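Residue-level structural notes
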Amino acid sequence: MPGRLNHVARGDGKLNHELMPGEKGPQDACGVFGVWAAGEQVAKLTYFGLYALQHRGQEAAGIAVSDGSSLVVYKDLGLVSQVFDEATLATLQGHIAVGHTRYSTTGSTTWENAQPSFRTTPAGTGLALGHNGNLVNTVELFAKAREEGIFSRNLGMSATTDSELLTAMLAARPDVSVEQAAMDVLPTLRGAFSLVFMDEHTLYAARDAQGVRPLVLGRLDRGWVVTSETAALDIVGASYVREIEPGELVTIDEDGLRSQHFASAEPKGCVFEYVYLARPDTTISGRSVHSARVELGRRLAKEHPADADLVIPVPESGTPAAIGYAEASGIPYGLGLVKNSYVGRTFIQPSQTIRQLGIRLKLNPLRDVIRGKRLVVVDDTIVRGNTQRALVRMLREAGALEVHVRISAPPVMWPCFYGIDFASKAELVANGLDNEGIRHSIGADSLGYVSLESLVAATEQPKTRLCMACFDGKYPIALPDLVGKHVLEGIEKSALGKAAGERAADNPPAPDSLAQGGYAEDALTRP
């Protein structure tokens, strides 16, 4: 039966980067995986591909599979290993699959918002889609789709994501193929999108004209793989072929692979992938992420030297840069902090005693290594500063004589609207304090950030091909007056209020004027 949808409710079980209770670091973009491979166990390939991409999103996971006659979607809240087991994967039979692991950048953490999103076409076939990125013209697209009767709660839509909206738009054209629908719809999208989607017979992949989020193509003996990172290709035994080009739509079916462009390429790859988001064993645009991070450490040592006895990383993300810093400075490298990799978000609220320990839930010092030493502590970013403040205090309590903090990225001063969920602009410590103010705030003896010029050099990419908006405030894709994580939820609240005849002064404006109004909870105004 086309479009059968299975789900089981579970707890979220998600991990995040909160080293302190309530201290949210930059949350990763999503991970996508698609495979077309006759004779392979595509559900298991997708499972292991998503497992390799777990760092990109821990709120939900899902897999869609087709055997050529029916398309089945299984998704749930939680980690990949929590959502799927052997029995579940055994029911997902076919030769085409699309998988997704989610961190929400648009829409709340609900089962309905988990991906792949699904829609039945007017012809009765299914369409499933996974999306990494964030559209910035969601309000405009929603208004147009509702005019056409495509997307509304009245039609059974309970999800509130730009991905669901996009799926509905692609599936709503009874007179054309999915491939042609994609060529019609994709040029109307603005923002970041790396997509994998499928119907019963065909796998599709597409990337926005700027190529903000990564997407790569790999080859299996009996098929093809499209995924967010080259590390996922390695895990499933696929050989790297090339990147999906900005503005490209790739179609894979029994006739092979074909490509066409829906927009001219204007590359602006996300520089934050090199700093933090991508796995170190991934390659982006021919550059090893691990090598880029080690080089950042070398440049950091030259730009901000320190008179110290030991270089230690904040594991794991600070490790490559700490290696580079030690190499360039001649200061010995050591492990001064032990990380508990199994601590995620807990359903049990810590007692006041545990809460006061804060960071020790995830990091604990090696006192014998730290005692009596002048330390250089290398980390990748400072967001609010609470974690670094607690870390510096903990290291001093463990006997460190001096703590010199070095950051392998420039100060994060602007929010991302293209698929990363930072703190709000007001919460970014670098937006309100200068370097000396931040140093004093976290209690370090000295503080140094790598320069933006060094970051660009470490990527080995031309500056003109990179998006650096979170560091320099220059957004390569024009933003509307209002963008935010819950824009569709705001629209739905507005529509429901209007339908109920509510005319209170604090009601959100009608959808045709939403771009000028502050209707959505957690909406972010354009800088």
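Rules behind the numbers
Residues numbered from 1 in each chain as written. Predicted model: local features only at pLDDT ≥ 70, side-chain atom pairs only at ≥ 80, totals over all residues. Heavy atoms only, no water. Axes fitted to C-alpha atoms, helices over the stretch in contact; angles between N-to-C directions. Helix = DSSP H or I, 4+ residues; strand = E, 2+ residues; numbered from the N terminus. Parallel < 35°, antiparallel > 145°, perpendicular 65-115°, else oblique. Left-handed = near helix turned anticlockwise from the far one by under 90°. Contact = heavy atoms within 4.5 Å. Nonpolar A, V, L, I, M, F, W, Y, C, P; charged D, E, K, R; others polar. pLDDT = per-residue confidence, 0-100. Pairing = 2+ DSSP bridges. Core = buried A, V, L, I, M, F, W, Y, C linked by side-chain atoms within 4.5 Å. Buried < 20%, exposed > 50% of the residue type's maximum accessible area, 1.4 Å probe, protein only. Phe/Tyr/Trp six-rings, centres within 6.5 Å; stacked < 30°, edge-to-face > 60°. Lys NZ or Arg CZ within 6 Å of the ring centre and 35° of its normal.

As a packed pair, helix α5 (residues 162-171) and helix α6 (residues 178-185) sit with axes 8 Å apart at the nearest point and diverge in direction by 125°. Judged on the interaxial angle alone, α6 and α5 are oblique. As for how α5 packs across α6, the hand of that crossing is right-handed. Side by side, α5 and α6 meet where L166, M169 and L170 of the first sit next to A181, A182 and V185 of the second. Its residues assigned to classes, the contact of α5 with α6 comprises 6 nonpolar, no polar and no charged.

On to the confidence of the model for the protein chain. Atomic detail in the predicted coordinates should be set aside for any region of low pLDDT. Per-residue confidence for the protein chain averages 84 on the pLDDT scale, and 79% of its residues sit at or above 70. Confidence drops under pLDDT 50 across residues 153-157; counting only partners more than four residues distant or on other chains, this segment forms 10 contacts.

With antiparallel pairing, 6 strands are arranged side by side in an open sheet as β6-β7-β8-β9-β13-β14. Both outer strands of the open sheet, β6 (117-120) and β14 (256-261), are each paired with one neighbouring strand and no more. Averaged over all adjacent pairs, the angle separating strand axes in this sheet is 20°, with direction ignored. The pairing of strand β7 (residues 126-135) with strand β8 (residues 191-198) spans 8 bridges and is classified as antiparallel. Across the sheet, the residue bridging to G133 is F193, located in β8. The strands touched by α5 are β6, β7 and β8; relative to β7, the strand with the most contacts, the crossing angle is about 135°.

Turning next to the nonpolar core. In this structure, F272, V311, Y325, V376, V378, Y418 and F471 are the most contacted members of the largest nonpolar core, which totals 50 residues. Secondary-structure elements contributing two or more residues to this core are α8 (272-277), α9 (289-303), α10 (319-329), β21 (374-379), α16 (452-459), β24 (466-467) and α17 (469-472). In this structure Y418 touches G133, N134, V136, A192, V212, R213, C467, Y475, P476, I477 and L479, once residues within four positions along its chain are discounted. Counting residues in hydrophobic clusters, the runner-up holds 28 residues, among them L50, A52, V65 and Y74.

In total, this model carries 10 aromatic pairs according to the counting rule given. Through a chain of ring-to-ring contacts, the aromatic side chains of Y47, F48, Y51, Y74 and F84 assemble into a single cluster. Just above the ring of W224 sits the side chain of R219; from NZ or CZ to the centre is 4.1 Å.

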